[in-house]
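Read off the chains here:
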Amino acid sequence: MVPRADPARAREAAAAIVRTLRDHGHTAYFAGGCVRDELLGLEPTDYDIATDATPDRLKSLFPRSGEVGASFGVVLVKQRGIAIEVATFRSDGPYTDRRRPDVVHFSTPALDAARRDFTINALFLDPLAPPSPQAPDARGLVIDFVGGLNDMKSRILRAVGNPAQRLAEDHLRALRGARFAARLGLTIDPLTASAIRDHAAELGGVSRERIGEEVKRMLTHPTRARALELLRELNLEGPVLDDGAKPTSPPTTLAGLSGDTEYATALAAWALDRDQTWTVAASWRRSLCLSNEDCQAMEAVLKAVALIEDGWLGLPVAARKRSAAAPAFAQALRLVQARQPATAASVHKEVERLSQTGLAPDPLVTGEHLIAMGLKPGPIFRRVLDGVYDAQLEGRVADQESAQRLAAALAEQG
Ligand code: ATP
Ligand code: MG
């Protein structure tokens, strides 16, 4: 993965590399995701180049370059301060470990297209040539060995070559397929979909880190509900989560979230749609390789949802204020909104009301006050401070003087 650069500058830098290679007698094209995204009118995240120049030749033509994955011979060329991946046209050898080919052979553009996962990802673009009538709006000449342009126009996601074989070779392709179909609004070709289903159970062989990365990309995109629908239709949800649960509800909570939802909140919504409670977080941390932060945030949101739905409105004022002040509460309320709109509305109103007197005001009495009052730090400190703060939240003490009087009384009780 190359650091993100300003897209227009990245494109110019990539085109300059293609020109240099062309000037030295080589074939060179933009390849893969960047061609797909440009044709769909999206901004490519990065530009990749495919060429017939070997890695050694690339390193001599571009002295400011380094190898990316040494064994795969992908060269990172630095051009105008931007790093661009340049790969020699290749074909994959057999896949014995089902994850990466045993050998790569440098080859032709047609074979390089044939090794790619989906037809829409297997297009090349010559940025120096005028567009063809087949793709008049492209920013160059599209070179299509696999029918990707047609599939793009019909908005179909189709494996390159024999779907059964391509999905058997590398099970991560199943998740990539679901991600692209959801994100780009594509229909999955029936043969490709059934090949994904046939191999869904084998997803467990893919590293949990790679699975987690794909899931995070699906859930942080506004099309997350479609992605989950596809995971279910393709029998991938169980192998992805590996938590033993059998979902019974439709994914309504996830579907109710707005575009820019945090990962942890989307995970919590997904758990609710699987009838799970916060106890599932530990299991998901393992199956999705969650960070501590995401796992804890997911757990906190699920606990807050349970608190809200199990009678938050009946709690004492101080308990309501304390819980409502936590960041997870607002996230949880968004999920309750999708599940129990009437509860969410009452809770929302009550939070507004409580906010008028402050959900989390600065404490009137602090540890320093207690020390000044002659108390010794110890377990009693927390009890006194909590007791005074509860009284403050409930409006039983409103000024420094009465707060300190209460502190002294509580300290006396021990
Ligand atoms: P994005 O970067 O938006 O996820 P992308 O298509 O650029 O999409 P990359 O992972 O950057 O995806 O891969 C670049 C290209 O390499 C793809 O477009 C595809 O042609 C090829 N590719 C990537 N992963 C695989 C795979 N598992 N099997 C076959 N080809 C792949
Ligand atoms: Mg990419």
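A.B. asks: Could you clarify how one ought to interpret the nonpolar core in this entry?
C.D. replies: In globular proteins that are soluble, nonpolar side chains generally tend to be buried together. Judged by nonpolar contacts, the single largest core of 99 residues is most densely connected at Phe30, Trp270, Trp284, Leu288 and Met298. Take this core: its biggest share by element is 9 residues, from helix H13 (residues 263–273). One finds Val365, Phe381, Ala391 and Val397 within the second-largest nonpolar core, a separate group that totals 13 residues.

A.B. asks: Got a minute to help me understand the site of ligand 1 in this structure?
C.D. replies: Taken together, 13 residues are adjacent to ligand 1, and Arg36, Asn121, Asp170, Arg173 and Arg217 come closest. A distance of 3.2 Å separates a nitrogen atom of ligand 1 from a polar backbone atom of Asp117. For ligand 1, whose accessible area on its own is 580 Å², the fraction buried by protein is 81%. Elements that contribute at least two residues to the shell around ligand 1 include exactly helix H2 (33–39) and helix H7 (172–184). In terms of residue count, H7 provides more of the shell around ligand 1 than any other element does, 4 residues in total. Classifying every residue of the shell around ligand 1 by side-chain character gives 1 nonpolar, 3 polar and 9 charged.

A.B. asks: Got a minute to help me understand the packing of H13 against helix H15 (residues 292–309) in this structure?
C.D. replies: Remark: H13 packs on H15, axes separated minimally by 8 Å, with the N-to-C direction vectors making an angle of 50 degrees. Between H13 and H15, the angle is such that the two are oblique. Seen from above, H13 lies across H15 with right-handed handedness. Contacts between H13 and H15 involve Tyr263, Ala264, Thr265, Leu267, Ala268, Ala271 and Leu272 from the first element and Asp294, Ala297, Met298, Val301, Leu302 and Val305 from the second. When its residues are assigned to classes, the contact of H13 with H15 shows 11 nonpolar, 1 polar and 1 charged.

A.B. asks: I would appreciate a short explanation of the environment of Val206 in the present structure.
C.D. replies: Looking at where Val206 falls in the secondary structure, it is placed in the loop between helix H8 (190–199) and helix H9 (208–219). C-alpha of Val206 to C-alpha of Val103: the two residues are 103 residues apart in sequence and 19 Å apart in space. Apart from residues no more than four positions distant in its own chain, Val206 is found in contact with His171, Leu172 and Ile211.

A.B. asks: Looking at this structure, I do not really get helix H20 (residues 379–393). What am I missing?
C.D. replies: For an α-helix, 3.6 residues make a turn, and residues three or four places apart therefore share a direction. Look at H20: 22 Å from first C-alpha to last across 15 residues, which is about the 21 Å you get at 1.5 Å a residue. Buried-residue contacts for H20 involve helix H16 (317–325), helix H19 (367–372) and helix H21 (400–413). Positive backbone phi, at 80 degrees, marks Gly395, one or two positions downstream of H20.

A.B. asks: Where do I start with unusual backbone geometry in this structure?
C.D. replies: For residues that are not glycine, phi is negative in most cases, and the peptide bond is trans in most cases. Residues other than glycine seldom take positive phi values, yet Arg80 does so here, at roughly 50 degrees. Judged by relative accessible area, which is 51%, Arg80 ranks as exposed. In this model, Asp275 sits at a positive phi of 60 degrees, which is unusual for a non-glycine residue. Along the chain, the position of Asp275 falls in the loop between H13 and helix H14 (281–287).

A.B. asks: Could you clarify how one ought to interpret the side chain of Asp243 in this entry?
C.D. replies: Mapped onto the fold, Asp243 is located in the loop between helix H11 (237–241) and helix H12 (252–255). Here Asp243 falls in the buried class, since its relative accessible area comes to 18%. Of the polar contacts made by the side chain of Asp243, one reaches the side chain of Arg274; its length is 2.7 Å. Discounting chain neighbours no more than four positions away, the residues touching Asp243 are Arg274, Gln276, Val280, Ser283 and Trp284.

A.B. asks: For this particular structure, what's the right way to read the sheet that holds strand S1 (residues 28–31)?
C.D. replies: Adjacent strands of a sheet pair through backbone hydrogen bonds, lying either parallel or antiparallel. Read across the open sheet, the 7 strands follow the order S3-S4-S5-S2-S1-S8-S9; overall the sheet is mixed. With partners counted over all chains shown, the strands left at the sheet margins are strand S3 (65–67) and strand S9 (141–143), one partner each. Neighbour to neighbour, the strand axes of the sheet diverge by 35 degrees on average, direction disregarded. Pairing geometry for strand S4 (residues 74–79) and strand S5 (residues 82–88), over 6 bridges, is antiparallel. Within the sheet, the bridge partner assigned to Val74 lies in S5 and is Ala87. Together, S1, strand S2 (48–51), S4, S5 and strand S8 (124–126) form the strand contacts of helix H1 (residues 7–23), whose direction differs from that of S5 by roughly 45 degrees.

A.B. asks: Hey, could you run me through the pairing of S4 in this one?
C.D. replies: In summary, the side chains of a regular strand alternate between the two faces of the sheet. By the bridge criterion, 3 bridges tie S3 to S4 in an arrangement that is antiparallel. Within S4, the position partnered with Ser65 by the bridge is Val77. Hairpin connection, S4 to S5: the antiparallel pair is bridged by 2 residues, and Arg80 has positive phi, about 50 degrees.

The rules we used
Residues numbered from 1 in each chain as written. Chains lettered and ligands numbered in written order. Predicted model: local features only at pLDDT ≥ 70, side-chain atom pairs only at ≥ 80, totals over all residues. Heavy atoms only, no water. Core = buried A, V, L, I, M, F, W, Y, C linked by side-chain atoms within 4.5 Å. Buried < 20%, exposed > 50% of the residue type's maximum accessible area, 1.4 Å probe, protein only. Helix = DSSP H or I, 4+ residues; strand = E, 2+ residues; numbered from the N terminus. Near = heavy atom within 4 Å. Polar contact = N/O pair within 3.5 Å; in protein donor to acceptor, adjacent residues only side chain to side chain. Areas by Shrake-Rupley, 256 points an atom, 1.4 Å probe, with all protein chains shown as cover. Nonpolar A, V, L, I, M, F, W, Y, C, P; charged D, E, K, R; others polar. Axes fitted to C-alpha atoms, helices over the stretch in contact; angles between N-to-C directions. Parallel < 35°, antiparallel > 145°, perpendicular 65-115°, else oblique. Left-handed = near helix turned anticlockwise from the far one by under 90°. Contact = heavy atoms within 4.5 Å. Expected span 1.5 Å × (residues − 1). Pairing = 2+ DSSP bridges.

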